[in-house]
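Coordinate inspection notes
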Amino acid sequence: MGQKFVKFIVYGCQMNVADSERMAGELAPLGYEGTEEQEEADLIIINTCCVRETAEDKIYGKIGELKQLKARNPKLVIGVTGCMAQKEGEKLRKRAPHVDFVLGTGQLKNLAATVEQIANRRRHSVVNTDMEQGTDSFRGKAVRQGKVSAWIPIMYGCDNFCTYCIVPYVRGRERSRTMEEILAEAREALAEGYREITLLGQNVNSYGQKPSSLAETGVSFAALLKQVDALPGIERVRFMTSHPKDLSLEVIEAIREGEHLCPHIHLPLQHGSDRILKAMNRGYTAEKYRNLASLIRERLPQVSLTTDLIVGFPGESDADFQATLDLVAEIGFDSAFTFLYSPRSGTPAAAMAAQVPEEVKKARLQALMAQQNKISLAINEKLVGSIREVLVEGASKNDATVWTGRTRHNKQVLWPHADEKPGDLISIKINKAQTWLLKGEIHGTYADDATILGG
Ligand code: SAH
Ligand code: SF4
Ligand code: F3S
């Protein structure tokens, strides 16, 4: 069999990170070990995203770059997987003939066989974007990339069909994994030393609500959260993403009562104008979102709320955009991911009249980001002087003496390293706030609950 190396280049959301770890698990029995260096790789897998055109452009650029590497090393196998592979299929092979295989989002189970056939020259090239539903539940062992936090998908696909979004087309119908399977994977991760579990899905609040071949229907997400919270050895439980139309009081209560459920909810608002929310098919109004945010804050006073926002959706007027600015300022999100609307062909919004001119979109994005940055900074500044429980991840990217970790609210913290190890829970005194992160110093090795203000 011999030693072989695989390099993953991953774009897009956490679901792609989780899928890549599963792919690494599928390839391990063939002798593939992970590498960071593309020069030493025998196999390069580009796991792709197509949520916005900028993502696709970047990925086509990266695929183009690999052509030279392949020319120098003809044995190199190059595969493209994930959402853009699903969307482009045959087109991708035509545009980049140096790619050996293209596998869509439903084809994870055929990865090992495909790689084996291509590496042994039994097949020249493969394009497979069949979307068999319900059969992509993973039974192997993920090769996880993080040291302390494990990503666990609880559901696949999306049935919401927001009019701007391509995800339902490239990820297929919503289907949930069984609770036993999820808990078994979580137990295994904890046994390996992981301390934090993040449950993943496009719309976690509808877990178990759709008939599917994988999970029993009628099991609630709150019930799953309670089970995960009770697993021996667990320190923190997170989840992503919540859809405002489906977030239940039961889930909010579960977080309040749970011992390890982190007080952070990522709740994409997308827009502040009812007219646009309707055109987006989001299923809620600004008022409904406002009430939900108030309810969350009332039940979970220490919660951090983060969101996603889109500017420049077709038909967005100055007044509509102002409604976004106003609602965002009123709610006061801890942070927000802000996106320029990107037309995705095949989605209803791409065919809508009144597309907003690019310069207008960009000016609005700048205004929204400037406003949000001020809010994020003001919220973070309030944390200066407090002591927070931080789960240690490891050295920061740019400086080995400065370490990084997260608070229970999911805020990134940097501090000068002493002798703490990845996975330790430590107390950090916050002494400086920035827009996207906090800086501090070690206050003690063990979190002292009495001094920690809600995490
Ligand atoms: N399922 C998650 C997020 C999926 S995509 C949810 O519904 O919250 C992540 C984010 O990308 C979305 O929340 C949205 O803000 C953004 N997005 C999706 N399609 C987009 C498009 N066509 N143009 C710009 N942003 C988009
Ligand atoms: Fe896309 Fe909407 Fe589904 Fe999120 S909920 S993945 S934005 S269709
Ligand atoms: Fe992108 Fe697919 Fe995630 S389109 S955002 S990688 S589900």
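This structure is a prediction, so every number in the text was calculated from the model and none was measured. (Residues numbered from 1 in each chain as written. Chains lettered and ligands numbered in written order. Predicted model: local features only at pLDDT ≥ 70, side-chain atom pairs only at ≥ 80, totals over all residues. Heavy atoms only, no water.)

Some thoughts on the pairing of strand β16 (residues 402–407)
Of the strand pairs in this sheet, strand β15 (residues 387–395) and β16 are connected by five bridges, and their pairing is antiparallel. Directly across from L391, in β16, lies its bridge partner R406. Pairing geometry for β16 and strand β17 (residues 412–416), over five bridges, is antiparallel. Residue pairing in the sheet places T404 in a bridge with L414 of β17. (Pairing = 2+ DSSP bridges. Helix = DSSP H or I, 4+ residues; strand = E, 2+ residues; numbered from the N terminus.)

Some points on the sheet that holds strand β10 (residues 196–200)
Sheet architecture is open: three strands sit in the order β7-β10-β11, paired in parallel fashion. Where the open sheet ends on each side, the last strands, each with one partner, are β7 (149–153) and β11 (236–240). Going from strand to strand, the sheet's axes swing by 20 degrees on average, the running direction of each strand aside. Examined bridge by bridge, β10 and β11 share five bridges and lie parallel to one another. (Axes fitted to C-alpha atoms, helices over the stretch in contact; angles between N-to-C directions.)

Details of the domain arrangement of the chain
Per the domain assignment, the segments of the chain are domain 1 (4–128), domain 2 (149–381) and domain 3 (387–448). Measuring from the centre of the C-alpha atoms in domain 2 to the corresponding centre in domain 3 gives 26 Å. On the side of domain 3, 17 residues touch domain 2, which itself brings 24 residues to the contact. Summed over both sides, the interface between domain 2 and domain 3 buries roughly 1,500 Å², with carbon and sulfur atoms accounting for 51% of that surface. Summed over the shared surface of domain 2 and domain 3, the number is two salt bridges. When residues of the side of domain 2 that touches domain 3 are traced back to their parent elements, those giving at least two are β11, β14 (335–340) and α13 (358–381). Take the side of domain 2 that touches domain 3: its biggest share by element is six residues, from α13. (Domains from an automatic or database assignment. Contact = heavy atoms within 4.5 Å. Buried area = accessible area lost by both parts, 1.4 Å probe. Salt bridge = Lys/Arg side-chain N within 4 Å of Asp/Glu carboxyl O.)

As for the environment of T198
Relative to the helices and strands, T198 resides in strand β10. Residues T198 and S149, spaced 49 residues apart in sequence, show a C-alpha to C-alpha distance of 7.2 Å. What T198 contacts, discounting residues up to four positions off in sequence, is S149, A150, W151, I152, R238 and F239.

Section: the nonpolar core
One finds I154, L199, F221, L224, I265 and I296 to be the most contacted residues of the largest nonpolar core, which totals 55 residues. Per-element accounting of this core gives the leading share, six residues, to helix α7 (residues 179–191). Those residues in contact with F221 that lie beyond four places of it in its chain are I154, L199, V204, N205, Y207, F239 and V251. Within the second largest apolar cluster, 25 residues are counted, among which are C49, M84, V99 and I166. (Core = buried A, V, L, I, M, F, W, Y, C linked by side-chain atoms within 4.5 Å. Buried < 20%, exposed > 50% of the residue type's maximum accessible area, 1.4 Å probe, protein only.)

Here we look at a negative patch on the surface
Where like charges cluster on the molecular surface, the negative patch consists of E33, E37, E39 and E40. You can see E39 is positioned in the loop between β2 (32–34) and β3 (43–48). (Patch = residues over 30% accessible without salt bridge, like charges linked within 9 Å, V, L, I, M, F, W, Y side chains within 5 Å. Areas by Shrake-Rupley, 256 points an atom, 1.4 Å probe, with all protein chains shown as cover. Lys, Arg positive; Asp, Glu negative; His and termini not counted. Charge placed at Lys NZ, Arg CZ, Asp CG, Glu CD.)

Some details on the environment of A400
Mapping A400 onto the fold places it in the loop between β15 and β16. Spatially, the C-alpha atoms of A400 and V127 are 43 Å apart, while their sequence positions differ by 273 residues.

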